[in-house]
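Coordinates in review
Take a look at the letters that make up each chain.
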Amino acid sequence: MTMEKIYAFIFVLNCFLNIYPGARAIGINYGLNGDDLPSPSDVISLLQSRNISKVRLFAPNIAVLTTLKDSGIDVILGTENQNLRSFASDPSAATSWVNTNVVPYASSLNFEYIVVGNEVIPGDLAQYVPSAMQNIDAAILNADFAIPVSHAVSMSVMGPSFPPSNGVFSTEATPIMTEILKFLSSKNSSLLVNAYTWFPRQSDPNNVQLEYALIDDTAKPVTDNSLTYQNLFDAMVDTVYAGMEKVGVSNVDIVVAETGWPTAGTTDATIENAQKFNNNLIKLLASGKGTPRKPGKVVEAYIFALFNENLKPEGVERNWGLFYPNMTEVYHVNF
């Protein structure tokens, strides 16, 4: 099968998944920034017992990838930001990375995406992202695999964007985002977006209702011309879609690579709020109704995070997990 036919198959499969929402699942970010985390085999058993069929890894880990083989769990695998410069300037560096971290596992492990860099736009490393993506993509194709390549952005790529229909990329981010999106469009791949409703609530609590950020049905809706937004999650996703359309790209889907709510460390960071947010999120996505701007288009999302990680900075950063390191629940989520 030619690479063109393989990409066409991926496009048709994505269409199928959008038609049948149950074919997609919510996933979880599996971070490793802790010295008391359970073994990979115990973690995979935990994921399987909770019917969590998708994980995101921020960087390769041999033990984790080996354990994930033949597990039935799909994987988003990231590259480390420090490698972007070498991937962009040296195709052999990209090939070496793929041969080491993808090829040994790809025959028995479904990689949903290879994510080339995380949250570097805008910034000094942003200039390397397009070429790095292209070289990683070429290395994957040369290894005879068809795995979509993407990049993960935060909402900081957006300029002033309220209401969602006014979504626009910032002046600094626009050139790089346009180049990335045109590449993703040519490859039938998706843009990964880290979209936390908690951050707007924290930065502007007077104007961002807690219930609106928690995807709570009691929230006062926000009107945007003919569209009505019942929650901030949908509004954030549609803000990025609007920005994409303004640079001439309308056929790239969004995957929410990170979203969640902390349980301690600052205002509104409570177990009760985190439980509400994540359960409301799962209910919203399971409905298959899409967003107001993209009705019927299922949003795939990955909750941050699987565990509380004790090597992160003290405070809120250590309190995003659904589970403690001993694998007991911080709170219950209905996957």
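A quick note: this is a predicted structure, and the numbers were derived from the prediction, not measured. (Residues numbered from 1 in each chain as written. Predicted model: local features only at pLDDT ≥ 70, side-chain atom pairs only at ≥ 80, totals over all residues. Heavy atoms only, no water.)

**A closer look at the overall build of the protein chain**
The secondary structure content of the protein chain amounts to 11 helices and 10 strands. At 19 Å, the protein chain has a C-alpha radius of gyration in line with the 20 Å of a compact globule built from 335 residues. Each principal axis of the C-alpha atoms in the protein chain carries an extent, and together these give about 50 × 45 × 40 Å. Considering the protein chain as a whole, with its 335 residues, one finds that 56% of them fall into the buried category. In the protein chain, once contacts between residues fewer than 6 apart in sequence are set aside, the share between residues at least 24 apart is 70%. Just so you have it, the protein chain exposes about 14,000 Å², and 52% of that area is on carbon and sulfur atoms. (Helix = DSSP H or I, 4+ residues; strand = E, 2+ residues; numbered from the N terminus. Rg over C-alpha atoms; globule rule 2.2 N^0.38 Å. Buried < 20%, exposed > 50% of the residue type's maximum accessible area, 1.4 Å probe, protein only. Contact = heavy atoms within 4.5 Å. Areas by Shrake-Rupley, 256 points an atom, 1.4 Å probe, with all protein chains shown as cover.)

**Observations regarding empty space enclosed by the protein**
Taken as a whole and assessed by the stated rule, the structure comprises one cavity of 30 Å³ or more. For the lining of the largest cavity, the per-class residue count stands at three nonpolar, three polar and two charged. (1 Å grid on protein atoms, 1.4 Å probe; cavity = no way out; pocket = protein on both sides within 12 Å on 5 of 7 lines; lining within 4 Å. Points joined across faces, edges and corners; volume = space filled by probe spheres on them. Nonpolar A, V, L, I, M, F, W, Y, C, P; charged D, E, K, R; others polar.)

**Overview of the packing of helix 5 (residues 91-101) against helix 6 (residues 129-142)**
At a closest axis distance of 8 Å, the pairing of helix 5 and helix 6 adopts a crossing angle of 55°. Classed by the angle they form, the pair helix 5 and helix 6 counts as oblique. Where helix 5 crosses over helix 6, the handedness of that crossing is right-handed. Judged by residue contacts, Pro91, Ala94, Thr95, Trp97 and Val98 of helix 5 engage Asn135, Ile136, Ala139 and Ile140 from helix 6. When its residues are assigned to classes, the contact of helix 5 with helix 6 shows seven nonpolar, two polar and no charged. (Axes fitted to C-alpha atoms, helices over the stretch in contact; angles between N-to-C directions. Parallel < 35°, antiparallel > 145°, perpendicular 65-115°, else oblique. Left-handed = near helix turned anticlockwise from the far one by under 90°.)

**Focus: the confidence of the model for the protein chain**
Atom-level detail of predicted coordinates should not be read off regions where pLDDT is low. The predicted model of the protein chain has a mean per-residue pLDDT of 94, with 93% of residues at 70 or higher. Every residue in residues 3-23 is under pLDDT 50, and counting partners more than four places away or in other chains gives 23 contacts. (pLDDT = per-residue confidence, 0-100.)

**Considerations on the sheet that holds strand 2 (residues 54-57)**
Strand pairing in a sheet relies on backbone hydrogen bonds, with the paired strands running either antiparallel or parallel. With parallel pairing, eight strands are arranged side by side around a closed barrel as 1-2-3-4-5-6-9-10. When strand polarity is set aside, the average angle formed by the axes of neighbouring strands in this sheet is 25°. The sheet contact formed by strand 2 and strand 3 (residues 74-78) spans four bridges and is parallel. Bridge pairing in strand 3 places valine 55 opposite valine 75. (Pairing = 2+ DSSP bridges.)

**A look at unusual backbone geometry**
With the exception of glycine, most residues fall at negative phi, and the peptide bonds are largely trans. Between isoleucine 121 and the following residue, proline 122, the backbone shows a cis peptide bond with an omega angle of -5°. Structurally, the position occupied by proline 122 is in the loop between strand 4 (111-118) and helix 6. Residues phenylalanine 304 and alanine 305 are joined by a peptide bond in cis, for which omega reads 10°. A positive phi angle, near 55°, is found at asparagine 188, a position not held by glycine. In this structure asparagine 188 comes out as partly exposed when scored by relative accessible area, which is 25%. Phi at isoleucine 215 is positive, roughly 60°, even though this residue is not glycine.

**Concerning the pairing of strand 10 (residues 300-303)**
Neither face of strand 10 is left uncovered, since the one carrying Glu300 and Tyr302 and the one carrying Ala301 and Ile303 both have all their residues buried. Bridge count between strand 1 (residues 27-29) and strand 10: two bridges; the pairing is parallel. Bridge assignment links isoleucine 28 to a residue of strand 10, and that residue is isoleucine 303. Bridge analysis of strand 9 (residues 254-259) against strand 10 gives three bridges, and the strand direction is parallel. When the bridges of strand 10 are listed, threonine 259 appears paired with isoleucine 303.

**Quick look at the layout of surface pockets**
Put simply, the largest pocket is a space of about 500 Å³. If you go around the largest pocket, you meet 19 residues; those closest to its centre are Ser161, Phe162, Pro200, Leu232 and Met236. Secondary-structure elements contributing two or more residues to the lining of the largest pocket are helix 8 (198-203) and helix 10 (232-246). Here the residues of the lining of the largest pocket are counted per class, giving 12 nonpolar, six polar and one charged.

**Things to note about the pattern of salt bridges**
Within this structure, the stated rule accounts for 12 salt bridges. Ionic pairing is found between glutamate 245 and lysine 294, a salt bridge with its closest N-O pair at 3.9 Å. Taken together, the positions of glutamate 245 in helix 10 and lysine 294 in the loop between helix 11 (271-286) and strand 10 put the pair 49 residues apart, joining distant regions of the chain. A residue is classified by how much of its surface remains accessible, and glutamate 245, at 32% relative accessible area, is partly exposed. Lysine 297 is the salt-bridge partner of aspartate 253, the closest N and O atoms lying 3.0 Å from each other. One end of the pair, aspartate 253, is in the loop between helix 10 and strand 9; the other, lysine 297, is in the loop between helix 11 and strand 10, with 44 residues separating them in the sequence. A single network of salt bridges, built from pairs that share partners, joins Lys54, Asp74, Glu112 and Glu300. (Salt bridge = Lys/Arg side-chain N within 4 Å of Asp/Glu carboxyl O.)

**Brief notes about helix 11**
Over its 16 residues, helix 11 extends 22 Å from the first C-alpha to the last, a length consistent with the 22 Å expected when each residue adds 1.5 Å. For helix 11, every residue scored as buried is listed here: Asn273, Ala274, Phe277, Asn278, Asn279, Leu281, Ile282, Leu284 and Leu285. Against helix 9 (210-213), helix 10, strand 9 and strand 10 lie the buried residues of helix 11. Positive backbone phi, at 70°, marks glycine 288, one or two positions downstream of helix 11. (Expected span 1.5 Å × (residues − 1).)

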